[in-house]
Number of protein chains: 2
Amino acid sequence: MITRLSNFFLRTLREDPAAAEVTSHKLLIRAGYIRPQAAGIFAWLPLGLRVKAKIETIIREEMSNAGAQEVHFPALMPREAYEATGRWEEYGDLLFRLNDRKGGDYLLAPTHEEAFTLLVKDLYSSYKDLPITLYQIQDKYRDEARPRAGLLRGREFTMKDAYSFDASDAGLDASYQAQRDAYERIFQRLGLEYAIVQADAGAMGGSRSEEFLHPTPIGEDTFVRSEGGYAANVEAFTTAIPAPIDWSDAPAATIYDSPNTPTIETLVAHTNTVLDEEVTAADTLKNVVLALTHLDGTRELVVVGIPGDREVDTKRAEVAFAPAEVEPANDGDFARHPLLVRGYIGPWSEQGAILGEESATGIRYLVDPRVSEGTRWITGANIDQKHVHSVVAGRDFAADGVVEIANVRDGDEAPDGSGPVHLARGMEIGHVFQLGRKYADALGLKVLDENGKLTTVTMGSYGIGVTRILAIIAELNNDDKGLIWPSSVAPFDVHVVAAGRDQVAFDVAADIAQQLEAARLDVLYDDRVKVSPGVKFGDAELVGVPKIVIVGRGAAEGQVELWDRATGERDALSVDEAIARLTR
Amino acid sequence: MITRLSNFFLRTLREDPAAAEVTSHKLLIRAGYIRPQAAGIFAWLPLGLRVKAKIETIIREEMSNAGAQEVHFPALMPREAYEATGRWEEYGDLLFRLNDRKGGDYLLAPTHEEAFTLLVKDLYSSYKDLPITLYQIQDKYRDEARPRAGLLRGREFTMKDAYSFDASDAGLDASYQAQRDAYERIFQRLGLEYAIVQADAGAMGGSRSEEFLHPTPIGEDTFVRSEGGYAANVEAFTTAIPAPIDWSDAPAATIYDSPNTPTIETLVAHTNTVLDEEVTAADTLKNVVLALTHLDGTRELVVVGIPGDREVDTKRAEVAFAPAEVEPANDGDFARHPLLVRGYIGPWSEQGAILGEESATGIRYLVDPRVSEGTRWITGANIDQKHVHSVVAGRDFAADGVVEIANVRDGDEAPDGSGPVHLARGMEIGHVFQLGRKYADALGLKVLDENGKLTTVTMGSYGIGVTRILAIIAELNNDDKGLIWPSSVAPFDVHVVAAGRDQVAFDVAADIAQQLEAARLDVLYDDRVKVSPGVKFGDAELVGVPKIVIVGRGAAEGQVELWDRATGERDALSVDEAIARLTR
């Protein structure tokens, strides 16, 4: 059926909506694809629904090709299963929770690992039933603290989530690979460039985890790549632990006066002056005091030692300490721990260990992997206005553990030896996880193996944000006039504009629309009579259908223009030529 | 793609699920279409999702034919709009309410009148923009007190809800008719017999309202039909008010002793003995004391006078007094009103009116339409053990109003003079409303008319429960072996069963499946190797695909059986004949 603009539910807006921050958000609202309902919650208008349906169709086809079968869970789920896996608490404020009339606890599911696990447990009992991969395309809810950027970080969003179930690790590898391959095909069909990077599994638990990132300077994720093929989200980047250094020739640790040097910069300048050395920030050991809030509400101080030329990367710190929440220690924390002398903190003192093993403070001391055995450092002496040099790791102090919270820099060595890495930014467009047995263990999903013994099933979890991808495609495909959809997901294949004043233009345009429709193309026909060609062209550019046919002055002579929205090229053609080009 | 049972996500169950009450609920679970998640909340398995998608496609096609355009709202909606129309309160416990992390009030929408009204207000401003009809197919939530009968009354359900917007009453009539016609086509395509009956608009407000009921003895709705074409839900049935009767010759009201006659039955027996008359229950006036709880929480007593041969119909009473809640008066109510002598209540006493105009009690007195001017009654005397006869309506008492809470009976006259009505039972499968200007008024939806003046838009609301219809179709199409889907919504067109032990049966079956698939049929192929033919046939009958091809012993000779699930007929045919029959 031809969609006629004269009665299509569409009003384009001239002005950018006030609250919209990013281009996709502005354009999707202005061009009549979505309307905001509440913070991070949107209604889908006919144009938006068409694009969404096309993306979903591509995903469904590739899921089916990968052997995944579609099911559908409700958004409203009872608490029990999420309680069993600990996520009822772990998700914190991100979860929309509610009660029914009988007081029962429910949630709006942010993801459905538990439900799928229980479904398979419910119906399957033997290794012969496996492998199976199930998926759904479903509306999910997360009560984001700062919903922003329109559909890019909403509180309601449509997601394709798939879950694989296998009796063996090798089976999980195969199921994981099948989904990974399907994701590659999906993003190729959507015309979305992607990098597959190692990722942190986060709240999902589990082992192997990769993200599909679309590389773009406006992405909110940072990732690294080496020439040799290593790629990882910075949250998942790991630093190789250096080989131990022999410290037998190292001088003894020596305290020196360092007035007014609470920062690395002042310390380095002072030290080079008074010690007559050429030290750099990399020679200093910065000790950062952090406060962790654990799930049970308890607060714990930890000190992390990192090379002085590195900063704490907040996201890496969040991942390193999850599910605890991390923040810098506050004045109260320092007041309660007078042994920690602010600006002059270090692991060692003449009286013995201040931090680390057998320390006087009882505070856990964790270090960056670079603070490895035998390395020598300039660091705080735990005395106001004093530092100490030649403090040797393993000799003068022993950390309680290693932790990765230091920032990753261009030129850092990839952990697999594939050379230095380069930093880039990207937007997450998909995520594949090997969950392993975490959920199956928590919920008791076991099957009988070849020998008739119960074995715990191993799982994978695979997500694509449908509405997020739609926004990313919009974010990447536009100009100052409006949207420019790739043909794979465009709401219509062709936009026919009757641009003349005479009836003949309308007759010819209607005829073209009909012929294109007969050739199974989706046609939007601008048949509005009291609207100027200028306004019609503006709307066509804003809406962003990739091919536009302008039927104007030449209509009587059978001449039309074929306008390519992406390149801006306009070709004068006969009606037949135009139709031939569009339908071939 | 051919769906192979060997790896299809399906486990049929031999036993009926414990909690299932109705056939559709039992069979849809046993045959692997749905799985319960919580009371009235279900997950959709691959088979169920296929049937649901086919129903949705039929609905979408007919909505499109009727000129309706699809949009999609979130389930999670902010409180404000529902507050403005009063429904935030009116819906009571039926509403799932929740807070976000900032304490904002939200609900899971039970229906979306407000949202559609605001959307049109948001984008449209002129009568020229109208008419427009928008719809969505969307998951809705209602916290039913007693979710039951599986999908027939769930707490989550998929609904097609459409809303029309017009500048004039005539426009609304046309939009309403277009949806009504579309509903007729939808139910015809679904193979669902229906009666269109007048309905009460209930919480929706508005004027004209019709229900599509599927007539069935197990339906939970009661409706009436006359030979002359009148049809109404009993809740919407109205009684014609009789013409006034001249009371000039009526004897005076006279009190008489009637010991131990608190019921109509005992009263009639006693009266016929002591007064030597031939009265029946229809000559008595029964006065029922009801307690209303209004939305603001206040409790009000009302007395309703109905002919003694009628009972109170609870549903009609609910509708008559909505949005107030109704219950019988309790002991405390009677204790507070000593003038109401239980078992002997009447509107009149020798001291004057007890109920009705200028009554001593101050309680509202409402009467059935049959208690009309000049009618004479035997009723309570408001004195213990005494009744009164020849109490004349309009002479001895005047009611405060008329109300319809008496039950409707076979043989009652249709209000349009089309003859006596007959009672029948049915299941609601669709509902069309003329909302009028209620929502547009509450939310300020106005457009400029031809004269440049603001006029309030008039609206219609049109609903079909997608998942409910699926359950009704299942409820109507089954036998003791399982489901029997009509071909329009069957999960597959053909179920091919490889029933032999030899490879040749599998080869032939696979070939048939392929040929049918090539002819664009949806094929389920039972290729399981270690499953007996008996189990395969049982599964085929339970799952209920309308056409089954059995490839067994005759496979080597090119002979198969074509099994019609509905009639049970099995025809021995050559492979080519079978394919020809299935594809023609």
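Residues numbered from 1 in each chain as written. Chains lettered and ligands numbered in written order. Predicted model: local features only at pLDDT ≥ 70, side-chain atom pairs only at ≥ 80, totals over all residues. Heavy atoms only, no water.

### Looking at the overall build of chain A
In plain terms, the rule: Only DSSP runs of H or I reaching four residues or more are called helices, and only runs of E reaching two or more are called strands; each is numbered from the N terminus. Any two residues whose heavy atoms approach within 4.5 Å are treated as being in contact. Values of accessible area rely on a 1.4 Å probe in the Shrake-Rupley scheme; residue burial ignores everything except the protein chains shown. Positive: Lys, Arg. Negative: Asp, Glu. His and the chain ends are not part of the count. By convention, the point assigned to a charge is CZ for Arg, NZ for Lys, CD for Glu and CG for Asp.
Looking only at helices and strands, chain A features 14 helices and 34 strands. Its C-alpha atoms give chain A principal-axis dimensions of about 100 × 70 × 50 Å. Across chain A, the fraction of contacts at a sequence separation of at least 24, relative to all contacts at a separation of at least 6, is 68%. Surface exposure of chain A reaches about 23,900 Å², of which carbon and sulfur atoms provide 48%. The average position of the 60 basic charges and that of the 91 acidic charges among the side chains of chain A differ by 7 Å.

### Focus on the sheet that holds strand β31 (residues 523–526) of chain B
Residue and element names in this part refer to chain B. For clarity, the threshold we go by: Between any two strands, pairing holds if DSSP finds at least two bridges. Comment: axis = line fitted to C-alpha atoms, over the contacting stretch for helices; angle = value between 0 and 180 degrees taken between N-to-C directions.
Judged by pairing direction, the sheet is mixed, and its six strands sit side by side in the order β1-β31-β30-β32-β33-β34 without closing on themselves. Unpaired on one side and paired on the other, β1 (3–4) and β34 (570–574) mark the two borders of the sheet. Sheet analysis places strand β30 (residues 494–498) next to β31, joined by four bridges and oriented parallel. Its bridge partner lying in β31, V496 is registered against Y525. Against the sheet, helix α12 (residues 503–518) makes contact with β30, β31, β32 (547–551) and β33 (559–564), and its axis sits at roughly 165 degrees relative to β30, the strand it touches most. Contacts between helix α14 (residues 575–583) and the sheet are confined to β30, β32, β33 and β34, with β34 contributing the most and set at about 115 degrees to the helix.

### Observations concerning the relation of the copies chain A and chain B
How we decide: A least-squares fit on C-alpha atoms brings the copies together, and the residues used are those whose pLDDT is at least 70 in both copies.
Rotating chain A by 180 degrees and moving it 0.0 Å along the rotation axis overlays it on chain B with an RMSD of 0.1 Å. Overall, the copies show the geometry of a two-fold rotation axis. Nearest to the rotation axis, the C-alpha of A:L98 is located 2.7 Å from it, this being the minimum over chain A. Here 100% of the interface residues in chain A have copies in chain B that are interface residues too; the copies meet face to matching face.

### Examining helix α7 (residues 264–274) of chain B
Residue and element names in this part refer to chain B. We count it as follows: Relative accessibility under 20% of the residue-type maximum defines a buried residue, over 50% an exposed one, and the middle range a partly exposed one, all with a 1.4 Å probe and only protein chains included.
Listed as buried for α7 are I264, L267, V268, H270 and T271. Buried residues belonging to α7 abut β14 (254–257), β15 (285–293), β21 (376–383) and β22 (386–392). At the C-terminal side of α7, D276 shows a positive phi close to 55 degrees.

### Focus on the sheet that holds strand β17 (residues 325–328) of chain A
All names here are of chain A. On the basis of which strands lie adjacent, the open sheet formed by five strands has the order β17-β15-β16-β20-β23 and mixed pairing. Every interior strand has two partners, whereas the edge strands, β17 and β23 (401–402), have only one. Two strands pair when backbone bridges link them, and strand β16 (residues 299–307) and strand β20 (residues 364–367) are joined in this way by four bridges, in the parallel orientation. If you follow V303 over to β20, its bridge partner there is Y365.

### Considerations on the domain arrangement of chain A
Rules: Annotation comment: domain bounds sourced from an automatic or database domain assignment.
What the domain assignment lists for chain A is domain 1 (52–74 + 110–237 + 423–474), domain 2 (254–402) and domain 3 (492–583). Computed over C-alpha atoms, the centres of domain 1 of chain A and domain 3 of chain A are 41 Å apart.

### Things to note about the pairing of β16(A)
Residue and element names in this part refer to chain A. When you tally the buried positions in β16, you get seven out of nine residues, the bulk of the element. As judged from the nine bridges shared by strand β15 (residues 285–293) and β16, these two strands associate in the antiparallel manner. Across the sheet, the residue bridging to T293 is R299, located in β16. In textbook terms, the turn of a hairpin is the stretch between consecutive antiparallel strands, and for β15 and β16 this stretch comprises five residues, one of which, G297, has a positive phi near 95 degrees.

### Some remarks on unusual backbone geometry
Residues and elements named next belong to chain B. Here the amide bond leading from L130 into P131 is cis, since omega sits at 0 degrees, within 30 degrees of zero. Within the secondary structure layout, P131 lies in the loop between α5 (113–123) and β8 (132–141). Put simply, A322 and P323 share a cis peptide bond, and its omega is 5 degrees. Inspection of the secondary structure puts P323 in the loop between α8 (314–321) and β17 (325–328). The backbone of A149 sits at a positive phi, close to 60 degrees, despite the residue not being glycine. Structurally, A149 can be placed in the loop between β8 and β9 (156–166).

### A short note on the pattern of salt bridges
Residues and elements named next belong to chain A. Using the following cut-off: By definition here, a salt bridge exists when the distance from a side-chain nitrogen of Lys or Arg to a carboxyl oxygen of Asp or Glu is within 4 Å.
Under the defined criterion, the tally for this structure stands at 92 salt bridges over all chains. For E220, the salt bridge identified is with R153, shortest N-O distance 2.6 Å. Linking E220 in the loop between β11 (209–215) and β12 (221–226) with R153 in the loop between β8 (132–141) and β9 (156–166), this pair joins segments that are 67 residues apart in sequence. E220 sits in the partly exposed class, given a relative accessible area of 25%. Where salt bridges share partners, they join E144, R148, R153, E220 and R468 into one cluster.

### Some points on the interface of chain A and chain B
Put simply, the rule is: The term buried area means the drop in 1.4 Å probe accessible area that two parts suffer when joined, counted for both and summed. Polar contacts here mean pairs of N or O atoms no more than 3.5 Å apart (in protein, one a potential hydrogen donor and the other a potential acceptor; neighbouring residues in sequence count only if both atoms are side-chain atoms). Residues are grouped as follows: nonpolar covers Ala, Val, Leu, Ile, Met, Phe, Trp, Tyr, Cys and Pro; charged covers Asp, Glu, Lys and Arg; every other residue, Gly included, is treated as polar.
Between chain A and chain B, the residue contacts involve 54 residues of the former and 54 residues of the latter. For the pair chain A and chain B, the summed buried area comes to about 4,800 Å², and 60% of that belongs to carbon and sulfur atoms. Applying the counting rule to chain A against chain B returns six salt bridges. The salt bridge partner of B:D122 is A:R35, with a shortest N-O separation of 2.7 Å. On the surface where chain A and chain B come into contact, there are 16 residue pairs in polar contact (both at pLDDT 80 or more). Across the side of chain A that touches chain B, the residue classes break down as 32 nonpolar, seven polar and 15 charged.

### Considerations on a negative patch on the surface
Residues and elements named next belong to chain A. Spelled out, the test is: Within this analysis, patches are made of residues with over 30% relative accessible area and no salt bridge. Like charges are joined at 9 Å or less; nonpolar side chains (Val, Leu, Ile, Met, Phe, Trp, Tyr) at 5 Å or less.
Negative charge collects at one region of the surface, where D276, E277, E278 and D283 lie side by side. If you trace the backbone, E278 turns up in the loop between α7 (264–274) and β15. By relative accessible area, which is 76% here, E278 ends up exposed.

### Considering the environment of B:V51
All names here are of chain B. As for its position among the elements, V51 is in helix α2 (residues 46–65). By relative accessible area, V51 is classed as buried at 0%. Along the primary structure V51 and V497 are separated by 446 residues, whereas in three dimensions their C-alpha atoms are 20 Å apart.

### Some remarks on the packing of helix α12 (residues 503–518) of chain A against helix α14 (residues 575–583) of chain A
All names here are of chain A. Selection rule: Note on terminology: angles under 35 degrees are roughly parallel, angles over 145 are roughly antiparallel, angles of 65 to 115 are roughly perpendicular, and the others are oblique. Crossing chirality is assigned from the near helix's rotation relative to the far helix, an anticlockwise turn below a right angle marking it left-handed and a clockwise turn marking it right-handed.
Between α12 and α14, the least distance of the axes is 11 Å, while the angle of their chain directions is 30 degrees. The angle between α12 and α14 places the two elements in the roughly parallel class. In this structure, the crossing between α12 and α14 has a hand that is right-handed. Contacts from V508, I512, Q515 and L516 in α12 reach V575, I579, L582 and T583 in α14.

### Side note on the side chain of B:S390
By the secondary structure assignment, B:S390 is in strand β22. Here B:S390 is in contact with B:P251, B:A252, B:A253, B:R376, B:W377, B:R395 and B:D396, once residues within four sequence places are set aside.

### Quick notes on the packing of aromatic side chains
Rules: Note on aromatic pairs: the rings of Phe, Tyr and Trp (six-membered ring only in Trp) are paired at centre separations within 6.5 Å, and the planes decide the class, stacked below 30 degrees, edge-to-face beyond 60, tilted for the rest. The criterion for a charge sitting over a ring is simple: Lys NZ or Arg CZ within 6 Å of the ring centre, and within 35 degrees of the ring normal.
Using the criterion set out here, one finds 30 aromatic pairs over all chains in the structure. Where A:F187 meets A:Y194, the ring centres are 6.0 Å apart and the plane angle is 45 degrees; that geometry is what we call tilted. Residue class for A:F187 comes out buried when judged on its relative accessible area of 0%. Put simply, the rings of A:Y183, A:F187, A:Y194 and A:F212 pair up and form one aromatic cluster. Sitting over the face of the ring of B:W44, B:K52 holds its NZ or CZ atom 5.7 Å from the ring centroid. Seen from the ring of B:F537, B:R570 lies directly overhead, with NZ or CZ sitting 5.2 Å from the centre.

### Some details on the environment of B:G305
Residues and elements named next belong to chain B. Note that G305 resides in strand β16 (residues 299–307). Residue class for G305 comes out buried when judged on its relative accessible area of 0%. In this structure the C-alpha to C-alpha distance between G305 and Q198, which are 107 residues apart in sequence, comes to 25 Å. Ignoring anything within four residues of it in the chain, the contact list for G305 reads L285, K286, N287, Y365, L366, V367, D368 and V371.

### Side note on the confidence of the model for chain A
Rules: Values of pLDDT, which run from 0 to 100, indicate the predictor's confidence residue by residue.
Residues at a pLDDT of 70 or more form 99% of chain A, whose mean pLDDT is 93. Prediction confidence for the complex, expressed as pTM and ipTM, is 0.88 and 0.87 respectively.

### Remarks on the side chain of B:E211
All names here are of chain B. Structurally, E211 can be placed in strand β11 (residues 209–215). Of note is the side chain of E211, whose polar atom sits 2.6 Å from the side chain of N233. Sequence-distant contacts of E211, that is, excluding residues within four places in its chain, are made with A195, I196, V197, A199, N233, E428, G430 and H431.

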